[in-house]
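Coordinate inspection notes
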Amino acid sequence: MRLSKETISNQVINEAPRVNMSRRQIICGLAAGSVVPIVTSCTTNPETGTSQFLLVGDAQIAQMAVSAWDEMKQETPISTNSALTRRVNRVWEKVAQGAGKSDESWEIAVFDTDDANAFVMPGNKVGVYRGITELTENDDQLASVLGHEAGHVAGRHAAERYSVALAGQVAMVAGAIAVQQSDTLREYGDTIGVLGGAALQFGVLLPYSRRHELEADRLGVDYMYRAGYSAAEAPRLWDLMAARSEGSRPPEFMSTHPDPVRRATELRQYINARGYDLV
Ligand SMILES: [Zn+2]
């Protein structure tokens, strides 16, 4: 099921309160689930310790991603290189173990295109393009890409991103919403209104926020380290990305994952601080 902008808008309008409510009442209503029944309110993610504003659960967001994932697999050639597929699956299994997610069922697709990219979709779908496997110099670097994607899952970034977009619609209808209520809403702040429509239409495919990316970087390094890979290879991969981004055909990963130099620097600081390696 893919929710259109109209579906969401209608839902929100139908469920919006008919009386004038103060800002505080709206916030409390949202938290208690009385304004929009699907609200699960602000929760703290045990994996990251951050406060999250979630309007949808993992199961709901997974349902929304089903058609996008199916389309992706229909439109993009799947690799028939069994050695490559085995390699990606082997690395993923170790990383998933490092992330404490090896008991969940995952669907991994290796796409046979030059794109230097990878992504994760709600519902435990992981897409890896041949191009990024060729960019990586070793399994450790591939593990850093997959660890990063696992980080997006653990951080529940898709549900949070979607919730922010949906909150934008609620805000438009209900009048005012407390942008200060969670880390996410505060961060998106003024852009919520701008994101609104487009975000809902492309709900599951929006780029993540900068905070999500950095969080996924750090979680990814935690996971690859626990899986036995060399954490030092993660910033090295960003160096490679940075070098490639100066060429005529920058890696596609860069379009949704900007600032490779800065991220490599931040990752090195994190790795040193955690004592994983000296980089
Ligand atoms: Zn990412």
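About the thresholds
- Residues numbered from 1 in each chain as written.
- Predicted model: local features only at pLDDT ≥ 70, side-chain atom pairs only at ≥ 80, totals over all residues.
- Heavy atoms only, no water.
- Helix = DSSP H or I, 4+ residues; strand = E, 2+ residues; numbered from the N terminus.
- Buried < 20%, exposed > 50% of the residue type's maximum accessible area, 1.4 Å probe, protein only.
- Contact = heavy atoms within 4.5 Å.
- Areas by Shrake-Rupley, 256 points an atom, 1.4 Å probe, with all protein chains shown as cover.
- Pairing = 2+ DSSP bridges.
- Axes fitted to C-alpha atoms, helices over the stretch in contact; angles between N-to-C directions.
- Parallel < 35°, antiparallel > 145°, perpendicular 65-115°, else oblique.
- Left-handed = near helix turned anticlockwise from the far one by under 90°.
- Nonpolar A, V, L, I, M, F, W, Y, C, P; charged D, E, K, R; others polar.
- Core = buried A, V, L, I, M, F, W, Y, C linked by side-chain atoms within 4.5 Å.
- Domains from an automatic or database assignment.
- Expected span 1.5 Å × (residues − 1).

**Points about the overall build of the protein chain**
Tallying secondary structure elements over the protein chain gives 13 helices and five strands in all. Residues counted as buried form 53% of the 279 residues belonging to the protein chain. When contacts within the protein chain are restricted to residue pairs at least 6 apart in sequence, those whose partners lie at least 24 apart make up 69%. For the protein chain, the computed accessible surface area is about 12,700 Å², with 50% contributed by carbon and sulfur atoms.

**Examining the sheet that holds strand E3 (residues 107–111)**
Adjacent strands of a sheet form backbone hydrogen bonds with each other and so pair up, either parallel or antiparallel. Read across the sheet, three strands follow the order E3-E5-E4 without closing on themselves; strand pairing throughout is mixed. Only two strands of the sheet have a single partner each, and these edge strands are E3 and strand E4 (118–121). Within this sheet the neighbouring strands show an average axis-to-axis angle of 15°, counted without direction. Taken together, the five bridges between E3 and strand E5 (residues 125–129) define a ladder with parallel strand orientation. Bridged to Val 110 within E5 is Val 128. Of the strands in this sheet, E4 and E5 touch helix H6 (residues 139–154), which is tilted by about 25° from E4.

**Topic: the packing of helix H4 (residues 82–98) against H6**
Running from N to C, H4 and H6 cross one another at 60°; their axes reach a closest spacing of 9 Å. With respect to their mutual orientation, H4 and H6 come out oblique. Where H4 crosses over H6, the two elements pack in a sense that is right-handed. Facing Arg 87, Val 88, Arg 90, Val 91, Trp 92 and Val 95 of H4, the residues of H6 in contact are Asp 139, Leu 142, Ala 143, Leu 146, Gly 147 and Ala 150. Among the residues forming the contact of H4 with H6, the class breakdown is eight nonpolar, one polar and three charged.

**Quick notes on the nonpolar core**
Of all hydrophobic cores here, the largest spans 52 residues; its most connected members are Trp 92, Val 95, Val 126, Leu 146 and Met 241. Of the domains in this structure, domain 1 (5–55 + 156–193) and domain 2 (61–155 + 210–274) are the two that each give at least three residues to this core. Apart from residues no more than four positions distant in its own chain, Trp 92 is found in contact with Trp 106, Ile 108, Val 126, Leu 146 and Ala 150. If you look at the next biggest cluster of nonpolar residues, it comprises nine residues, including Ala 65, Ala 68, Trp 69 and Met 121.

**Observations concerning helix H13 (residues 260–274)**
Here H13 spans 21 Å end to end across 15 residues, near enough to the 21 Å set by a 1.5 Å rise per residue. Looking one or two residues beyond H13, the residue adopting positive phi is Gly 275, at roughly 75°.

**Here's the deal with the pairing of E5**
Counting buried positions along E5 yields five of five residues, so the element is predominantly enclosed. In E5, alternate side chains face the same way, and those of Lys 125, Gly 127 and Tyr 129 on one face and Val 126 and Val 128 on the other are all buried. In this sheet, E5 lies alongside E4 in antiparallel orientation, the contact comprising four bridges. Pairing of Ala 118 across the sheet is with Val 128, part of E5. Hairpin remark: E4 followed by E5, antiparallel, with three residues in the connecting loop; positive phi at Gly 123, about 95°.

**Here we look at the environment of Arg 161**
Structurally, Arg 161 can be placed in helix H7 (residues 157–174). Between the C-alpha atom of Arg 161 and that of Leu 55, which follows or precedes it by 106 residues, the distance is 9.8 Å.

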